[in-house]
Amino acid sequence: MIIEDFVVDSNIKIAENTFLIGLNSQINLDVLQPGQFFNIQVSNNYFPLLRRPFSISDIIDDKIYFMYKIVGEGTEILSKKKKGDKINLLGPLGNSFNVCNFENIILLGGGIGIAPFPFLIKKLLNKNFKVLFGVRTKNEVHNYGLKNVLFSSEDGSIGKKGNVIDLLDEELKNLDFEKTKIFACGPNTMFRALQKYLINKNIECEVSMESAMACGFGICQGCPVEHNHSESYKLICKDGPIFNIREIVI
């Protein structure tokens, strides 16, 4: 784990309120794994005080990329960063997706939850996989780093009208459950629906949990999640952010 200043190389808008920031790095990026995250200090001032966690979206040569959506003052500040600006990063933090030898892989993303998938896809290029991308409206859609993508939208403006679980149901009809694994990232509402949908289906599924994280490595105890197989809570930053969906209470 390092605490180091990274220099902004690019910061571009890729969809409605959604940006991709690229940072030059002097650290060894080869050790990073899909699913891990960094805690980013978005300002050199005392406001906002806490760092923000961002999943690694992509790595190209000596650059690391993070995808984010403007949802508050912290991400608004981040969207104003320009080439040459310095940003302090703490990381890498957390565990990673377990890419096993399943015949079929489904990446399930809701909104900005699609963020860690470009990096994950680079580990799956010799596998049979599909990306299911659920949005509210087509203005939220982008194709950065994505392949084999199917869309769903709540308003029907792109892809299948409905939510991404409806899209998943269609895709699973022709697949052997025991040879299929799902990697999901999105809001807790999506995870609850997914958990309910999978309750009687023998399908492996890992989810990347989202949470506000003050420290990022378990000291503050601020990101607990109830665990089915433990007497105590797990911490999203330290024990996750990747969990088996059947082992957590969402």
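Now for a description of the structure that goes with this document. The residue numbering used here restarts from 1 in each chain and proceeds along that chain's sequence as written. With pLDDT at 70 or above as the cut-off, local features in this predicted model cover only qualifying residues; side-chain atom pairs require 80 or more to be listed or tallied, and sums for whole chains, interfaces and linings still use all residues. Excluded from the side-chain calculations are hydrogens and water; all other atoms, namely the structure's heavy atoms, are used.

A short note on a nonpolar patch on the surface
- Two joining distances apply to patches: 9 Å for like charges and 5 Å for nonpolar side chains (Val, Leu, Ile, Met, Phe, Trp, Tyr), and every residue must have over 30% relative accessible area and no salt bridge. Residue burial considers only the protein chains on display, and all accessible areas are found by Shrake-Rupley using a 1.4 Å probe. For salt bridges, the criterion is a side-chain nitrogen of Lys or Arg within 4 Å of an Asp or Glu carboxyl oxygen. Together, Met1, Phe217 and Ile219 make up an exposed nonpolar region whose accessible area comes to about 350 Å².
- Numbering of helices and strands starts at the N terminus; helices are DSSP runs of H or I of at least 4 residues and strands are runs of E of at least 2. On the secondary structure map, Phe217 appears in the loop between β13 (204-208) and β14 (224-227).

Points about the packing of aromatic side chains
- By convention, a stacked pair of Phe, Tyr or Trp rings (six-membered ring in the case of Trp) has centres within 6.5 Å and planes under 30 degrees apart, an edge-to-face pair has planes over 60 apart, and any other such pair is tilted. Counting across every chain of the model gives seven aromatic pairs.
- Seen from their ring centres, Phe38 and Phe66 are 5.9 Å apart, and the 80° between their planes marks the pair as edge-to-face. In this pair, Phe38 is assigned in strand β3 (residues 37-41) and Phe66 in strand β6 (residues 63-69), connecting sequence segments 28 residues apart.
- Judged by centre distance (6.2 Å) and plane angle (75°), the ring pair of Phe54 and Tyr68 falls under edge-to-face.

Remarks on helix α3 (residues 164-172)
- Each residue gets one of three labels from its accessible area relative to the maximum for its type: buried under 20%, exposed over 50%, partly exposed in between, using a 1.4 Å probe on protein chains only. Inspection of α3 places Val164, Ile165, Leu167, Leu168, Glu171 and Leu172 among the buried residues, and these make up the whole buried set. Projection of α3 onto a plane perpendicular to its axis shows the buried side chains occupying an angular sector of 155°, all on one side.
- Those residues of α3 that are buried lie in contact with β8 (104-110), β9 (128-135), β10 (149-153), β11 (160-161), β12 (180-185) and α4 (188-198).
- We call two N or O atoms a polar contact when they sit within 3.5 Å, provided that within protein one can donate a hydrogen and the other can accept it, with sequence-adjacent residues counted only if both atoms are side-chain atoms. The backbone nitrogen of Ile165 has a side-chain oxygen 2.9 Å away, supplied by the residue at the start of α3, namely Asn163. Picture the helix axis, draw a direction to every C-beta atom, and the arc is the one those directions span. Contacts were defined at the residue level, with two residues in contact if any of their heavy atoms lie within 4.5 Å.

Thoughts on the packing of α3 against α4
- Relative orientation of the contacting elements α3 and α4 amounts to 35°, with a least axis distance of 10 Å. When the axes of α3 and α4 are compared, the crossing they make is right-handed. Residues Val164, Ile165, Leu168, Asp169 and Leu172 of α3 touch α4, and the partners they reach there are Met190, Ala193, Leu194 and Tyr197.
- Across the contact of α3 with α4, the residue classes break down as eight nonpolar, no polar and one charged. The axes used here are C-alpha line fits, helices contributing only the stretch in contact, and every angle between their N-to-C directions lies in the interval 0 to 180 degrees. By definition, any crossing whose near helix is turned counterclockwise from its far helix by less than a right angle is left-handed, and any crossing with a clockwise turn is right-handed. Classification used: nonpolar for Ala, Val, Leu, Ile, Met, Phe, Trp, Tyr, Cys and Pro, charged for Asp, Glu, Lys and Arg, polar for all others including Gly.

So, unusual backbone geometry
- The amide bond that connects Gly91 to the next residue, Pro92, takes the cis arrangement and shows omega of 0°.
- Along the chain, Pro92 falls in strand β7 (residues 86-93).
- Look at the link from Gly240 to Pro241: it is a cis peptide, with omega at 10°.
- One non-glycine residue, Asn148, lies in positive phi territory at about 55°.
- When you line up the elements, Asn148 lands in the loop between β9 and β10.
- Using a relative accessible area of 46% as the deciding quantity, one classes Asn148 as partly exposed.
- Positive phi is not limited to glycine here, since Gln221 has a value of about 60°.
- With respect to the helices and strands, Gln221 occurs in the loop between β13 and β14.

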